[in-house]
Amino acid sequence: MEAERGWASVGDDRIAYELSGVGPLDVVYWSGSYTNLDVLMEEPSFAHFIKRLSSFSRVIRFDKRGSGTSDPLPLDALPSWENTVEDLAAVLDEVGSDRPAIISVHDAGPTAMLFAAIYPQRVSALVLGNTTSRFLVADDYPQGTPPEAADLIVQMLNQNWGTERLAASAVPSMAGDEAFAHWYAKFQRSSCSPKAVAAYTQHLFQLDVRDALASIQAPTLVMHRSQHAFFGIEQGRYLADRIPNAKFTELPGGDILLYTEGSDKILNEIEEFLTGAGHQAEPDRSLATVLFTDMVGSTERATQMGDRRWRELLERFETTSRNHVSRFGGRLVEMTGDGALATFETPGQALRCAFALHRGVAPHGVKIRAGVHTGEIENRGAQIGGIAVHLAARVLSKADAEEVVCTRTVKDLVAGSGFSFESRGHHPLKGLDEEWELFSAQPK
C-alpha cells in the first residue's frame, strides 16, 4: 500500500502525518492519544484495517506532539486537548483536507468530540470507538471509573508500559499470541515513555467533555465493545443518547482496539455509515491463496481427552486460528472440525500465517500441518469453491506434522520474499488428472 509521509508545523514544532488511499472521502483515523506511525503498520491486523479504509477513502493519520515520530515535549508540558486540536488542524491544513470524517478510538475520543463541537464546518462525520466523555465517576455519572480504580490504572501503566504484560488485559482476543504481545510492547515503547503515559492518563482522568456533546452536529456513529475492561458499555450508550441523532452499535468482546476482533464487520459498518453504501461484494471468481490446516493425531487426542476437554481444546484452537488469520490479512472461511480453511490475497500472507499458527497452537499441546495453493476460486457468499480449494486440500494430505507444504505456484510467486523451499517431488493428487510438484516451505 502506497503511503505519503510529511510534516505539519505548529510554531517550531513538527507533527508527523501519513496519507494513504485516494478518496473521494477524507478520513482521519485517530487510533489513540499515543501512537507511532511506523510501528503501527508492522502489525498485520492494523495494516489490514488501514488498507480497507484506504479502499474507499484517503486516510489521514498523525502522531500528536510528544508522541511517536512527532517532536517531543517535556513532561511538564504534556499536550492539553487544545494542543492536540491545534495539531489536527495543522495536519488538515497541510494536506488540504477541508471537511474529513473522523474515526477516533479510546482515549483520543474526548478530543475528537471537542474538535467536532468547536469546528462543525471541518467535520463531515464522526465515528467514536470504545471511548467516553468523562473518565471518573460522579453523582450524575455513575457509569464512570471510581477514583481508587483510576489510581490503580495509572500505577499499572507506569509499571507495565512497554512490556508484554499489558496485551492480554487490553486486547483479550489476542491473549496467548506471543507475536502480538511482543509487537504491542514495542509499539508502546515507541509511542512514549512509561512516565509520560502515566502523567497523561492522570490528566485524562480530569477531562469532562459532556457539555460539548449536544453541540456536535456531524452525523455520529458510536461503537463500543460489550466487555470493554476500561470503559463500560454504558459509557458508550451515554454518548449515543446525548449526541444529536447518533447511532449506537454494540460490538462483541473486550478489545480496546477496533482492528483486532471482528474488524471486517466493523469496517463494513463504518464504510456504510460514511459512504451510504455497503462494502462491495467480491466478484464471483477471483485469484486467491487457499490455506488448509488440520490437527495431527486428532482422533487419538479426542479419545484420550474425553468430550468436554476435547471440546474446550477445539474452542481454543478455533480462537487461535481466527486471530492469526485476521492478523495476517486473511479471511477464515470455516473451521473444519479439527482444522481451518482460510483465504488470503497473497501467498506470502498465507505462509506467514501458517508458520505463526504452528507456534500459536504449540502451547495447547497441539501440532498441525498445512497445505497452501494459489489459484482461482469461486466466491459463494460466505463459502468458496473451485479446483483451487480442492487442490489445497489435497496438498494438505501430503504434509507431515508441523510442516507447511505448497505447490510450485506458491513457490514461484513468493520468490525473494524470505522463504526457502525443499522439493517433495511430483505427486498424483486425488481427483486431478496431472501430477503436481510439491514443496516443503520454511521461513528463512
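The structure this text deals with has already been given above.
Parameters and conventions
All chains use their own residue numbering, which begins from 1 and follows the written sequence. For this predicted model, a pLDDT threshold of at least 70 governs which residues receive local features, and a threshold of 80 or more governs which side-chain atom pairs are given and counted, while totals over whole chains, interfaces and linings are taken from all residues. By convention in this description, side-chain values take in all heavy atoms of the structure and omit both hydrogens and water. Of the two site types, the cavity is a set of points on a 1 Å grid over the protein atoms alone where a 1.4 Å probe fits but cannot get out, and the pocket is an open set with protein on both sides within 12 Å along at least five of seven lines, each lined by residues with an atom within 4 Å of a point. Grid points are joined across faces, edges and corners, and a volume is the space filled by probe spheres set on the points. Helix and strand assignments follow DSSP, with helices taken as H or I runs no shorter than four residues and strands as E runs no shorter than two, numbered in order from the N terminus. Any residue that is not Ala, Val, Leu, Ile, Met, Phe, Trp, Tyr, Cys, Pro, Asp, Glu, Lys or Arg is counted as polar, Gly included; the first ten are nonpolar and the last four charged. Two strands pair if DSSP finds at least two bridges between them. Comment: axis = line fitted to C-alpha atoms, over the contacting stretch for helices; angle = value between 0 and 180 degrees taken between N-to-C directions. Every residue pair with non-hydrogen atoms within 4.5 Å of one another is taken to be in contact. Think of it in three bands: with a 1.4 Å probe and only protein chains considered, a residue is buried below 20% of the maximum accessible area for its type, exposed above 50%, and partly exposed in between. If the strands point away from the viewer and the path from the first strand over the helix to the second runs clockwise, then the crossover is right-handed.

Enquirer: Sorry if this is basic, but what is going on with the layout of surface pockets here?
Expert: Once rolled over the atoms, a probe with the size of a water molecule shows which space is left empty. Quantified by volume, the largest pocket comes out at close to 1400 Å³. Of all the secondary structure elements, the ones that give two or more residues to the lining of the largest pocket are α2 (44-54), α10 (263-275), β9 (285-295), α11 (298-327), β10 (331-335), β11 (339-344) and β12 (368-380). By residue number, the principal contributor to the lining of the largest pocket is α11, which donates seven residues. What the second largest pocket holds in volume is close to 240 Å³. Of all elements in the fold, only α2 and α12 (347-361) reach the threshold of two or more residues within the lining of the second largest pocket. Looking at the lining of the second largest pocket element by element, the count peaks at four residues for α2. Across the lining of the second largest pocket, the residue classes tally to five nonpolar, three polar and four charged.

Enquirer: Help me understand the sheet that holds strand β8 (residues 247-251), please; the structure alone is not making it clear to me.
Expert: Remark on secondary structure: sheet strands pair via backbone hydrogen bonds, oriented parallel or antiparallel. Read across the sheet, eight strands follow the order β1-β2-β4-β3-β5-β6-β7-β8 without closing on themselves; strand pairing throughout is mixed. Every interior strand has two partners, whereas the edge strands, β1 (3-10) and β8, have only one. Neighbour-to-neighbour, the strand axes of this sheet turn through a mean angle of 20 degrees, independent of strand direction. Bridging between β1 and strand β2 (residues 13-20) involves eight bridges; their strand directions are antiparallel. Following the sheet pairing, Ser9 is matched in β2 by Arg14. Along the sheet, α10 makes contact with β3 (25-30), β5 (101-105), β6 (125-129), β7 (220-225) and β8, crossing β7 at roughly 170 degrees.

Enquirer: Would you explain the pairing of β7 in this entry?
Expert: Along any regular strand the residues' side chains alternate between the sheet's two faces. Along β7, six of the six residues are buried, which leaves the element largely enclosed by surrounding structure. Alternating residues of β7 divide into Thr220, Val222 and His224 and Leu221, Met223 and Arg225, and every residue in both groups is buried. Relative to β8, β7 runs parallel, the two sharing five bridges. What sits directly across from Leu221, in β8, is Lys247. On the question of chirality, the crossover connecting β7 to the parallel β8 by way of helix α9 (residues 233-242) is right-handed.

Limitation: the analysis is restricted to geometry and does not speak to function.
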